[in-house]
Amino acid sequence: MPDFDHLIAGAGFAGAVCARQLAEGGRRVLLIDRRSLPGGNAADVLDAHGVRIHPHGPHIFHTNSERVFRYLSRFTDWRFYEHRVLCEVGGQLLPLPINRLTLNRLYGLDLDEAQAEAHLARVRLPRPALRSSEDVVLASVGHDLCERFFRGYTQKQWGLDLSELSAGVAARIPTRSNDDDRYFSDRWQFMPAAGYSALFDRLLDHPGIDWRPGTAYESVRGLGLAPHTVYTGPVDAYFGHCLGALPYRSIRFEHEHLPDIARFQATGTVNYPNTRAYTRITEFRHLTGQTGAGTSIVREFPQAQGEPYYPIPRAENEALYQRYAALAAAEHSVSFVGRLAQYRYYNMDQVVAAALKLGDTLLRQTTAQS
Ligand code: FAD
Ligand code: UDP
């Protein structure tokens, strides 16, 4: 008889939340990850100078889901933080999402909110359908703002033109005619007060969870450790890339500590749509609220090769994913959940929601064990 009811591969939000949910339902869970720390890409660490940084890219929590917010609140206190982003455009630092202030500073105008709305209405280009990210941007801010804020950044981030990406990518960024300069519009915007890794330590702290870091799924696959598996790694890798490799976008993170500087930049993130080789710089102390001497920043250099960080949302990739999804649906003793396993450009809260839903479903089902 296997020792566990569920083997969970991957201890990011997808795997860790699912593990906790199942353990609280009385199931015995073996949770593995090939990395040495839980948290997946959301994990944080202290750098050599004691500054809390996010080695896999800056993570800011935001959600409109009360269930997700309440659920995570069991495992962390929160620090109020609303993320703000400036874009270097034409030698100025301008707020993104584009809002009234962006328009006034960029064009040397003095528009009130109604006039800003009228300006946007005038420059918007009607599109017959919003299929690509180019359609979305042109339909919301027109040609000039598209070129200044979106086309170059998108080319750097994805190695693709806006017209080659699905609408949902650019649709992540709203357009505003008021002075709201918050990057996100969600109801709940916070950072875990003691960091993400502390949140994960509490998530995993349950007698029903056996946590084994440094363990690749491939090394335990087929050993019969549990009658059911939750897999949160790349779906194409699970199937040995038998239908071809799904494309992912990677990033090289260049971290730097500046010992003599109290504050490097005015906002958490500054984007560089048209200049520099990197897309953005994030200064962690804005996000974490940590004080003290020195500050740590990260520059993001997108690249094709490396750790699979982003699924690339475009029609041909979705078509290939759907073929993998059909194979996944036929794996009756395996559930696939998370950003890589579902090939979805999910934020953290969407992954938590998907994991809770899967946990609910699995707890309604009986396993060979229970
Ligand atoms: P992951 O976090 O990728 O975890 C998967 C885990 O599975 C990893 O730990 C991996 O090591 C493990 N694994 C994979 N394959 C195997 C295997 N074969 N064997 C063992 N283990 C395996 N979201 C937000 O809400 N706000 C943000 O500000 C934000 N910023 C982001 C910035 C960047 C640069 C990136 C890349 C993502 C960002 N996200 C953000 C998205 C967020 O990271 C994800 O939504 C979330 O962390 C995904 O959780 P997951 O568990 O699905 O996947
Ligand atoms: N984007 C852009 N210019 C910017 C910021 C974003 O063109 O200054 C576009 C780009 O295509 C990017 C997408 O909007 O990939 C989503 O941006 P977001 O900041 O949500 O990306 P993430 O934080 O997930 O990398």
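Structure report, in brief. Model, not experiment: these values are computed from the prediction.

Describing the overall build of the chain
Alright, step 1. Assigned secondary structure in the chain consists of 12 helices and 17 strands.
Alright, step 2. A compact globule built from 370 residues should have a C-alpha radius of gyration of about 21 Å, and the chain, at 22 Å, falls within 12% of that.
Alright, step 3. In terms of overall dimensions, the chain has a C-alpha envelope of 75 × 50 × 35 Å along the principal axes.
Alright, step 4. Long-range contacts, defined as pairs at least 24 residues apart, comprise 71% of the intrachain contacts of the chain with a sequence gap of at least 6.
Alright, step 5. Surface accessibility of the chain: about 16200 Å² in total, with carbon and sulfur atoms responsible for 50%.

Some thoughts on the nonpolar core
Alright, step 1. Counting 104 residues, the largest nonpolar core has Phe-13, Leu-72, Phe-149, Phe-150, Leu-203 and Phe-336 as the members making the most contacts within it.
Alright, step 2. If one sorts the elements of this core by residue count, helix H5 (residues 133-158) sits on top with 9 residues.
Alright, step 3. Ignoring any residue separated from it by four or fewer positions in sequence, one finds Leu-203 in contact with Ala-16, Val-17, Arg-20, Tyr-71, Phe-75 and Ile-209.
Alright, step 4. Grouped together as the second largest cluster of nonpolar side chains are 8 residues, Leu-258, Ile-281, Ile-297 and Phe-301 included.

Re the environment of Lys-156
Alright, step 1. Along the polypeptide, Lys-156 turns up in helix H5.
Alright, step 2. On the accessibility criterion, Lys-156 (16% relative accessible area) is buried.
Alright, step 3. C-alpha of Lys-156 to C-alpha of His-6: the two residues are 150 residues apart in sequence and 40 Å apart in space.
Alright, step 4. The residues touching Lys-156, leaving out its near neighbours within four places in the chain, are Arg-249, Tyr-272, Pro-273, Thr-275, Arg-276, Ala-277, Tyr-278, Thr-279 and Pro-302.
Alright, step 5. Of the polar contacts made by the side chain of Lys-156, one reaches the backbone oxygen of Arg-276; its length is 3.1 Å.
Alright, step 6. Within the local environment of Lys-156, its side chain forms a polar contact with the backbone oxygen of Tyr-278, the two atoms lying 2.7 Å apart.

Observations regarding the packing of aromatic side chains
Aromatic ring pairs are reported here in terms of the distance separating the ring centres and the angle at which the planes meet.
Alright, step 1. Evaluation of the coordinates by the stated rule reveals 25 aromatic pairs.
Alright, step 2. When the ring of Phe-13 is compared with that of Phe-200, the centres are 4.6 Å apart and the planes differ by 55°; the resulting orientation is tilted. Remark: Phe-200 occurs in helix H7 (residues 196-204) and Phe-13 occurs in helix H1 (residues 13-24); sequence separation between them is 187 residues.
Alright, step 3. The buried category is assigned to Phe-13, whose relative accessible area is 6%.
Alright, step 4. Looking at Phe-200, the relative accessible area reads 0%, which means it is buried.
Alright, step 5. For the pair Phe-239 and Tyr-324, a centre-to-centre distance of 6.2 Å together with 25° between the ring planes defines the contact as stacked. Here Phe-239, found in the loop between helix H9 (235-238) and strand S12 (248-258), pairs with Tyr-324, found in helix H11 (residues 315-329); they are 85 residues apart in sequence, far enough to count as distant. Considered together, Phe-239 and Tyr-324 belong to a single accessibility category, that of buried residues.
Alright, step 6. Members of the aromatic cluster, joined through ring pairs, are Phe-61, Phe-69, Trp-78, Phe-80, Trp-188 and Phe-190.
Alright, step 7. When the ring centre of Phe-301 is taken as origin, the NZ or CZ atom of Arg-252, which lies over that ring, is 4.2 Å away.

What about the sheet that holds strand S13 (residues 269-271)?
Alright, step 1. The strand order across the open sheet formed by 7 strands is S8-S7-S13-S14-S15-S12-S16, and the pairing between neighbours is mixed. Two strands bound the open sheet, and with one partner strand each, they are strand S8 (92-96) and strand S16 (310-311).
Alright, step 2. Note: S13 against strand S14 (residues 280-283), 3 bridges, orientation antiparallel. Counted as the bridge partner of Asn-271 is Arg-280 from S14.
Alright, step 3. Contacts between helix H3 (residues 100-107) and the sheet are confined to strand S7 (85-89) and S8, with S8 contributing the most and set at about 155° to the helix.

What to know about the side chain of Thr-63
Alright, step 1. Structurally, Thr-63 can be placed in strand S5 (residues 61-63).
Alright, step 2. What makes Thr-63 buried here is its relative accessible area of 0%.
Alright, step 3. Engagement of the side chain of Thr-63 in a polar contact is seen with the side chain of Asp-349, the distance being 2.8 Å.
Alright, step 4. If we ignore the near neighbours within four places in the chain, the residues touching Thr-63 are Val-68, Phe-69, Asp-186, Arg-187, Trp-188 and Asp-349.

What counts, and where the lines are drawn
- Residue indices begin from 1 for each chain and proceed along its sequence in written order.
- Written order determines the labels here, with chains lettered from A and ligands numbered from 1.
- It should be noted that, the model being predicted, local features are given only for residues of pLDDT at least 70 and side-chain atom pairs only at 80 or more, the latter also being counted only at that level, while totals for whole chains, interfaces and linings use all residues.
- The basis for the side-chain values is all heavy atoms of the structure; hydrogens and waters are excluded.
- Only DSSP runs of H or I with at least four residues qualify as helices, and only runs of E with at least two residues qualify as strands; both kinds are numbered from the N terminus onward.
- It is over C-alpha atoms that the radius of gyration is taken, and the globule rule equals 2.2 Å times the number of residues to the power 0.38.
- Two residues form a contact once any of their heavy atoms are found within 4.5 Å.
- What sets the accessible areas is the Shrake-Rupley method with a 1.4 Å probe; for residues, cover comes only from the shown protein chains.
- Nonpolar cores are built from buried Ala, Val, Leu, Ile, Met, Phe, Trp, Tyr and Cys residues. Side-chain atoms within 4.5 Å join them into one set.
- For every residue, the accessible area (1.4 Å probe, protein chains only) is compared with the maximum for its type, and the residue is labelled buried under 20%, exposed over 50%, or partly exposed between those bounds.
- The definition of a polar contact used here is a pair of N or O atoms within 3.5 Å, where within protein one atom must be able to donate a hydrogen and the other to accept one, and adjacent residues in sequence count solely through side-chain atom pairs.
- Between rings of Phe, Tyr and Trp, where Trp is taken as its six-membered ring, a pair exists when centres lie within 6.5 Å; planes separated by under 30 degrees are stacked, by over 60 edge-to-face, and by other angles tilted.
- Any Lys NZ or Arg CZ that is within 6 Å of a ring centre and within 35 degrees of that ring's normal is treated as a charge sitting over the ring.
- Two strands are counted as paired when DSSP detects at least two bridges linking them.
- Axis definition: a line fit to C-alpha positions, over the contact stretch in the case of helices; interaxial angles, taken between N-to-C directions, run 0 to 180 degrees.

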